[in-house]
Amino acid sequence: MVSLQELKAHLTANPGPIGVFDSGYGGLTILEKIREALPEYDYIYLGDNARTPYGTRSFEVVYEYTRNAVIKLFEMGCHLVILACNTASAKALRSIQMNDLPGIDPDRRVLGVIRPTVECIGEITTSGHVGILATLGTINSESYPLEINKLFPEIVVTGEACPMWVSLVENNEAADDGADYFVRKYIDHLLATDPQIDTMVLGCTHYPLLLPKISRIVPAGIKIVAQGEYVARSLKDYLQRHPEMDAKCTKHGSCLFYTTENKDKFMESASLFLSTPIEAEHITID
Ligand code: DGL
């Protein structure tokens, strides 16, 4: 772990890529949408695959892992880091923004995926009843109801933890018939808890890979919100509103991929999440 002094000495004023961090592969679904919306920018994707999943870990551990990953991305030249992981956004973002950034470099920014996702909810629900499908960590953090009710106090939010869904995706079982049981199980339970739900948010980066199944199982008329496009739209808007940050982001259309796991394993599994093959490098996070 580098000291604050060492880190400050290491940080440069030169523009750099936008950092995109996830506990593993799921953030690739967000990265893809961001790159579609903002293709001219440079990106570094960092997946902490060696320590995934984060969804079942404690607040303290997710905070420590995420903070160290953010510092790594700063060291690699990023001025802006997106936590493309709901669990990290739920459990670590606020502490990093409030406690760490002022000491590390108050001009760097870390943004999450929950706020951009919930901003669209008011336009989508008509019944005013919204369901959140996410990891246990995200549901227990209550981040989605808190953020939604800050903007839309009248909306009733019900969370459903889907602990099997990340495993189904990671094990390439998302399209398998056997996955139907677990997809149906959590959706049925959510609708039994609140039958008035007309909008379901996929509050985990892995879940878009289950979308074909989810869409088949969710009753007609219920809208399903996959967050990638909302996060991308929000980032575009942020960069327009913050020209000083935009000027610190390089624009050559490149993307580098780093993983804390074996790079060959990462490249193979990343193909589940991305439409084109990639090259990746191994990296260690303290
Ligand atoms: N990326 C995580 C999220 O969006 C899911 C995977 C994990 O549990 O680490 O919550």
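This report concerns the structure included in the present document.

The biggest cluster of nonpolar side chains holds 54 residues, and the ones touching the most others in it are Leu 28, Trp 165, Leu 239 and Phe 257. With six residues, helix α11 (residues 179-193) is the largest single contributor of residues to this core. Those residues in contact with Leu 239, other than ones at most four positions away along the chain, are Ile 18, Leu 38, Tyr 41, Leu 80, Met 245, Asp 246 and Cys 249. In this structure, Ile 44, Tyr 54, Val 81 and Leu 93 belong to the second largest nonpolar core, which totals 26 residues.

Let us look at the packing of helix α2 (residues 27-37) against helix α13 (residues 228-241). Look at α2 against α13: their axes get within 8 Å of each other, and the N-to-C directions meet at 45°. By the angle between their axes, α2 is oblique relative to α13. Crossing hand, α2 versus α13: right-handed. When α2 is examined against α13, the residues Ile 30, Lys 33, Ile 34 and Ala 37 are found in contact with a partner set consisting of Gly 228, Glu 229, Val 231, Ala 232, Leu 235 and Lys 236. A class-by-class count of the residues in the contact of α2 with α13 yields six nonpolar, one polar and three charged.

Bringing the pattern of salt bridges into the picture now. Applying the stated criterion across every chain, the model contains eleven salt bridges. Of the charged contacts, one joins Lys 223 and Asp 198 as a salt bridge, the two residues approaching to 3.6 Å between their closest N and O atoms. With Lys 223 in strand β8 (residues 223-226) and Asp 198 in the loop between α11 and β7 (199-202), this residue pair connects regions lying 25 residues apart in the sequence. Note that Arg 241 and Asp 237 form a salt bridge whose closest N and O atoms lie 2.9 Å from each other. Here Arg 241 pairs with Asp 237, and both are found in helix α13, just four residues apart, close to one helical turn. Accessibility expressed as a relative area gives 51% for Arg 241, which makes it exposed. On the basis of relative accessible area, Asp 237 is assigned to the partly exposed category, the value being 37%. When salt bridges that share partners are traced, they join Arg 115, Glu 119, Glu 147 and Lys 150 into one network.

Rules and cut-offs
- Residues numbered from 1 in each chain as written.
- Predicted model: local features only at pLDDT ≥ 70, side-chain atom pairs only at ≥ 80, totals over all residues.
- Heavy atoms only, no water.
- Core = buried A, V, L, I, M, F, W, Y, C linked by side-chain atoms within 4.5 Å.
- Buried < 20%, exposed > 50% of the residue type's maximum accessible area, 1.4 Å probe, protein only.
- Helix = DSSP H or I, 4+ residues; strand = E, 2+ residues; numbered from the N terminus.
- Contact = heavy atoms within 4.5 Å.
- Axes fitted to C-alpha atoms, helices over the stretch in contact; angles between N-to-C directions.
- Parallel < 35°, antiparallel > 145°, perpendicular 65-115°, else oblique.
- Left-handed = near helix turned anticlockwise from the far one by under 90°.
- Nonpolar A, V, L, I, M, F, W, Y, C, P; charged D, E, K, R; others polar.
- Salt bridge = Lys/Arg side-chain N within 4 Å of Asp/Glu carboxyl O.

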